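Fold and geometry: a report
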Amino acid sequence: MQQRWADRDEVDVYLGVGANEGDREAAIRTAIAALAVTPGIAVVRVSRLRETEPVGGPPQGRYLNGAVHLRTALAPHALLELCKALERAAGRRFDGVRNGPRPLDLDLLLYGDRELDTRDLTLPHPRLAEREFVLAPLRDLGVDVAVIPRPVAGPRVFEEPDAFAAWCDARRRGGCELGLVPTMGALHDGHASLMRRARAECERVAVTIFVNPLQFGAHEDLDRYPRTFAADLELCRQAGVDAVFAPRVDAMYPPGFCSRVAVGREAETMEGADRPGHFAGVATVVARLWSLARPDRSYYGRKDAQQVAVLRRLQRDLGLSGALVECGIVREPDGLAMSSRNRYLAPADRRAATVLHRSLRAARDAFAGGQHDRDALLAVARAVLDAEPRGRLDYLELRDEGDLAPLPAGRVPRGRMLCAVRFGEPPTRLLDNLSLRGADEEEPW
Ligand code: AMP
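Residues numbered from 1 in each chain as written. Predicted model: local features only at pLDDT ≥ 70, side-chain atom pairs only at ≥ 80, totals over all residues. Heavy atoms only, no water.

Describing unusual backbone geometry
The following threshold applies: Only DSSP runs of H or I covering at least 4 residues are called helices, and only runs of E covering at least 2 are called strands; the numbering of each starts at the N terminus. Each residue's exposure class comes from its accessible area (1.4 Å probe, protein chains only) as a fraction of the maximum for that residue type: buried when under 20%, exposed when over 50%, partly exposed otherwise.
Backbone torsion omega between Leu123 and Pro124 reads -10°, so that peptide bond is classified as cis. Between Glu425 and Pro426 the backbone carries a cis peptide bond, its omega angle lying at -5°. Looking at where Pro426 falls in the secondary structure, it is placed in the loop between β15 (416-423) and β16 (428-435). You will see that Ala186, though not glycine, has its phi angle at about 50°, which is positive. By the element assignment, Ala186 lies in the loop between β9 (178-183) and α5 (189-201). Relative accessible area serves as the criterion here: at 1%, Ala186 is assigned to the buried category.

Laid out in structure tokens, this is it:
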């Protein structure tokens, strides 16, 4: 006996059907008839067709909407292709007008209990639960719409590295470009600007929130580092982030973990001189996150310019995947670079902390006024810093604008000035940097 095509993996599938141009009912009935004669598809039931108001898009006529219950062994993407072919056959133009009028609309709503998230197909349909014009016909067909898995409101949260890696892998296999934004939490608008840029450039965005003990020295602020997970998650939700990876320390570094990524001599200067081992800790956690997520793009803030230089080197040396995107500094209205550590500052120190930006700007203004001597430019910034008694200077340097290599004394054609200053007790260290050609600095998102 000939075996029926569908004996193996037959799945109950629900399609949304709609039209608001031409003979709407004829277009819908023609498409359903075409589905019914397609090998590999059985049409089980068709809902009542309803008149509905258009949702979103330009002014347009009312829709006729319904749903169809199919049984099929066709894979989700094969079905999607078929639906698109039927839409084209009905005269639909794919002219880029979002929610525009159409002679036929076929939406894959439910494919068994499959959850799928690819570039061109997400299952269940992501806007299903919000659309009464879809829910009503599904109810006609006996679907218990209350138990349809709803798209999670806000990002998926992962604690386990393997689960996060599997999620990233599934996005990539689905053809989505993945953006990664590593953070230590206590998120502010500086972090959000990285997420906004990732959102604009990638189809899926993952944020990591992990206060990495490896990058803190013995007497640093690891224990008191602010942890504000609920607020962080809300900020990620508002930025349209798809996944948040917030592992426990013992999941990132299980017992026995003892490897470190060594970084070059340059990482022993500036931040590295004040914080021995800091960049090895940063490089180790980033290499670990990178290998879990294997992002197409990862996003870092220029506020930590030396960190960007170290990570660029790491990426080149180890051949880590994807592009490293350096993002502009987000500042408070008075010029202070946003930082999770700003909240430690006593009010008087908070007011005094504008000295970092003021000193860098003074050097930039002197450069614009024709002063191009390295030491004279440093002296200009230094004078501003010295005039603020609440700040204790850790370092002030003028480096190459790109790779932050030291610049010889004498005339500098361009450069980036960097400083770190401590305020209060226990000390809060703040960082800042500015290109001498400040006008060239890229605006943050
Ligand atoms: P953190 O949580 O301090 O490790 O920072 C996570 C990422 O956000 C790093 O790439 C930082 O450089 C970036 N970042 C922090 N503050 C700012 C800011 N004010 N503007 C732009 N990026 C920032």
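Here the narrative resumes, following the displayed structure.
Thoughts on the site of the ligand
The condition that has to hold: In these notes, residues near a molecule or strand are those with any non-hydrogen atom within 4 Å of it. Pairing of N or O atoms within 3.5 Å defines a polar contact, subject to two protein rules: one partner must be a possible hydrogen donor and the other a possible acceptor, and residues neighboring in sequence count only if both atoms are side-chain atoms. Under the convention used here, a 1.4 Å probe and the Shrake-Rupley method define accessible areas, while residue burial counts only the protein chains that appear. Each residue is assigned to one of three groups, with Ala, Val, Leu, Ile, Met, Phe, Trp, Tyr, Cys and Pro labelled nonpolar, Asp, Glu, Lys and Arg labelled charged, and all others, Gly among them, labelled polar.
Lining the immediate surroundings of the ligand are 17 residues, of which Met184, Gly301, Asp304, Val330 and Met338 lie closest. At a separation of 2.9 Å, an oxygen atom of the ligand approaches a polar side-chain atom of His191. In isolation the ligand offers 490 Å² of accessible surface; the protein chains occlude 93% of this area. Elements with a minimum of two residues in the shell around the ligand: β9, α5 and β12 (297-301). Along the lines of polarity and charge, the residues of the shell around the ligand split into 8 nonpolar, 7 polar and 2 charged.

A closer look at the pairing of strand β10 (residues 204-209)
Selection rule: A pair of strands is treated as paired once DSSP finds two or more bridges between them. Handedness of a crossover is defined as follows: with both strands directed away from the viewer, a clockwise route from the first strand across the helix to the second makes it right-handed.
Within β10, 6 of the 6 residues are buried, which leaves the element mostly enclosed by the surrounding structure. Residue alternation in β10 divides its side chains into two sets, Arg204, Ala206 and Thr208 and Val205, Val207 and Ile209, and both sets are buried. Pairing of β9 with β10, which is carried by 6 bridges, proceeds in the parallel orientation. Residue Pro182 lies in a different strand from β10, and its bridge partner there is Thr208. Here β10 pairs with strand β11 (residues 243-245) via 3 bridges, running parallel. The residue of β11 that forms the bridge with Thr208 is Phe245. Following the chain from β10 across helix α6 (residues 229-238) to the adjacent parallel β11, one finds a crossover that is right-handed.

Remarks on the packing of helix α9 (residues 278-293) against helix α10 (residues 305-318)
For any two helices packed against each other, the geometry is given by the interaxial angle and the distance between the axes. Applied cut-off: Between N-to-C directions, angles cover 0 to 180 degrees, with each direction set by a line fitted to C-alpha atoms, over the stretch in contact for helices. Angles below 35 degrees are treated as roughly parallel, those above 145 as roughly antiparallel, those between 65 and 115 as roughly perpendicular, and all remaining angles as oblique. Whether a crossing is left-handed or right-handed is set by the direction in which the near helix is turned from the far one by less than a right angle, anticlockwise for left-handed and clockwise for right-handed. By definition in these notes, contact holds between two residues if any of their heavy atoms fall within 4.5 Å.
The N-to-C vectors of α9 and α10 enclose an angle of 55°; their axes lie 10 Å apart at closest approach. Viewed along their axes, α9 and α10 adopt a mutual orientation that is oblique. Between α9 and α10 lies a crossing whose hand is right-handed. Touching Phe279, Val282, Ala283, Val286 and Trp290 of α9 are Gln306, Gln307, Val310, Leu311, Leu314 and Gln315, all from α10. Partitioning the contact of α9 with α10 into residue classes produces 8 nonpolar, 3 polar and no charged.

Details of the environment of Ala36
Tracing the backbone through its elements, the reader meets Ala36 in helix α1 (residues 24-36). Relative accessible area serves as the criterion here: at 41%, Ala36 is assigned to the partly exposed category. As a C-alpha pair, Ala36 and Leu70 span 34 residues in sequence and 8.7 Å in three-dimensional space. Residues within four places of Ala36 in sequence aside, it is in contact with Ile41 and Val43.

Notes on the packing of aromatic side chains
Stated precisely, the cut-off is as follows: When the centres of two rings from Phe, Tyr and Trp lie within 6.5 Å, Trp using its six-membered ring, the rings pair. Their planes under 30 degrees apart give stacked, over 60 give edge-to-face, and anything left gives tilted. Any Lys NZ or Arg CZ that is within 6 Å of a ring centre and within 35 degrees of that ring's normal is treated as a charge sitting over the ring.
Across all of its chains, the model carries 6 aromatic pairs by this definition. Sitting over the face of the ring of Tyr344, Arg224 holds its NZ or CZ atom 4.0 Å from the ring centroid.

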